[in-house]
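Residue-level listing of the chains:
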Amino acid sequence: MTNVPQNITTNYDATNAAITVSWVYPVSNNIDYTIQYRPVGTTNWQTSTSTSASNSVNLTGLSSCTAYEVAVQANCLSSNTSSNTATTSVYVPLTTATPTGLTATPSASTGDIELNWSGTATGVTYIVEYREVGASTWQSATTTTTNYSLPELEGCSEYEVQVFAACDANGTGATPYSNIASFSTGKTIVKVKALLQGTYDVGGLMRNDLVQENLVDLAQPYNTSPWNYTGTESVTSLPTNAVDWVIVEIQDASNQYVTSTAAILLQDGSIVDYNGTVSDGVELCGLAANTPYYIVVRHRNHLDVMSANTVTLPNSTSYDFTTAVNQASTIGTTVNQLVDVGGFFALRAGDLDGDGFILVGDFNDVYQVESSIVNQYVKGDVNMDSNVTVADFNIYQPVVSISAVSAVRY
Ligand SMILES: [Ca+2]
Ligand SMILES: [Ca+2]
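Just so you know, these numbers come straight off a predicted model, no measurement behind them.

Summing up its helical and strand segments, the chain has three helices and 27 strands in all. The C-alpha atoms of the chain give 35 Å as radius of gyration, which overshoots the globular expectation for 410 residues (22 Å, by more than 25%). Referenced to the eigenvectors of the C-alpha coordinate spread, the extents of the chain come out at roughly 115 × 45 × 35 Å. Residues classed as buried in the chain amount to 37% of the 410 residues present. Looking at the chain alone, contacts between residues at least 24 apart form 61% of all its contacts between residues at least 6 apart.

Here the focus is the pairing of strand E5 (residues 56-59). Two faces make up the sheet, and in a regular strand the side chains alternate between them. With burial as the criterion, only one face of E5 is covered, namely that bearing Val57 and Leu59; the residues Ser56 and Asn58 on the opposite face remain uncovered. For strand E2 (residues 18-24) and E5, the ladder comprises four bridges, and the chain directions are antiparallel. In the sheet register, Ser22 faces E5, and the bridge partner there is Ser56.

Right, let's get into the domain arrangement of the chain. Segmenting the chain into domains produces domain 1 (6-92), domain 2 (100-184) and domain 3 (187-408). Each of domain 1 and domain 3 has a C-alpha centre, and these two points are 75 Å apart.

Next up on the list: the sheet that holds strand E9 (residues 100-106). Here three strands make up an open sheet; going across it, the order is E9-E10-E13 and the pairing antiparallel. In the strand order of this sheet, the two ends are held by E9 and strand E13 (147-150), each with one partner. Strand-to-strand, the axes of this sheet are offset by a mean angle of 15°, without reference to chain direction. Where strand E10 (residues 113-118) meets E13, four bridges bridge the pair, whose relative direction is antiparallel. In the sheet register, Leu115 faces E13, and the bridge partner there is Tyr148.

Calculation notes
Residues numbered from 1 in each chain as written. Chains lettered and ligands numbered in written order. Predicted model: local features only at pLDDT ≥ 70, side-chain atom pairs only at ≥ 80, totals over all residues. Helix = DSSP H or I, 4+ residues; strand = E, 2+ residues; numbered from the N terminus. Rg over C-alpha atoms; globule rule 2.2 N^0.38 Å. Buried ≥ 20, exposed ≤ 12 C-beta atoms within 10 Å, placed from the backbone. Contact = placed C-beta atoms within 7 Å. Pairing = 2+ DSSP bridges. Domains from an automatic or database assignment. Axes fitted to C-alpha atoms, helices over the stretch in contact; angles between N-to-C directions.

Structure follows, in C-alpha cells:
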C-alpha cells in the first residue's frame, strides 16, 4: 500500500475554532488515517487519527494567530501504511471575541474623543477605524488596550468609528468589526428656553395643536423670506411634546451674525436639536469655546428676541427667556419684547411675516390673505390652533407698532 491521500484541503472553521482537514483516498474499507499537524517552524507533530469514511477531521486546541502545517497518512489496517502527504498550511486567526460595546465620548477637558470597548485585554492589537460620515475611506490607529483617545479632529462634522481585534497592526487574523459609534467635533451646545404667547397654555407649558394634528412641516420652514435659512434640518416625525420649529441664532458681542440652526421648540419651552443628538440644547458650529455671544430665538409669527446680555457658550444652564421680561434685550428703556402670560414670559405673537415689526403689513400681507384658512400650518394662525380666525386678529391688533430690537430685524 503506497497510495498517498490526495487533494488535501485545510480550512479554519471560526464557528468551531477548528482546522477542518479533508482529503481523497481511493480505498474506503479497512482504512484509517493519521493526521499530523504543528505550528510552522516547530519540530514536534501533534497527531489525530480518523476512521471516518468522510475522509475529514476537525483539529482543535489550536493557538490563535498561528500558521499550522498539516499532513495526512493512510493506514491500511491489514498491511502497511502510505507515505505522508505533502504538508499544507493553514492560518489560525485571532480566536477571541469581536470587540463590543464601543462608545465615543468627547472629553470636556481636552477635546479628544475617548473611545472605549469591551474585549480581550492582552495579547491582541486593536485597530480603530474612523471617518467623517459620508467619506469613502477610513483612517486608522492601533492600540493594545481596550480604549483609545482620538486627538481633536478638525472641522465641525459628524464622525463614525469602529474597531476590530487582530494578531498584529497589519490586521492579520482579524475579528469582525465592533458596532459603529458616532460622534461630532467642533460643536458647541447652546441651551435656551422660550415660550410663545400665541400657543401658551398654563403652568409654563404651551399647547401643541399643530403637532397633534400632524400639520407642522417635517422640514424646517424658514427657507423663505425674510429668513432665507437654507439648512436641511428635517425629521421623520416630531416629538409628541413638540410645538413648532424655531431658529436659534448666535451673534457675536458686536451683534454680527455668527451661525444659526433650526431646532424644535418643546411644550415647556426647551429648544432641542432636530436629530435628538442633544436632549436639552442645540449643537452649533463655528463658535469659539468659552466666549460671550448673544442668543437670538426666532419664530415664524412671533416677535424675535435676543438675550439681554451676552452669554458665555457653551452654557450649562439654559438661557431662559421665560423667567423675566428683562431677559430679552430692549429698545432703550422700553421693556416690552416679552409679554407676561401669567407668571411666565413669552415671545409676542403677531409678527406674522417675521420681519421684526408688528405692523399693518402683517395684517395686509398675511392675515388678510390667509383669513378663513382651516386645518393648515400657516403664519396667519397666531394662536396656532390650525385655523385663521378673528381670534388670531384679536391677539395681533392690540400690539401693532411694537418692534423687535434692531439686531434681530430683517
Ligand atoms: Ca411683521
Ligand atoms: Ca388660530
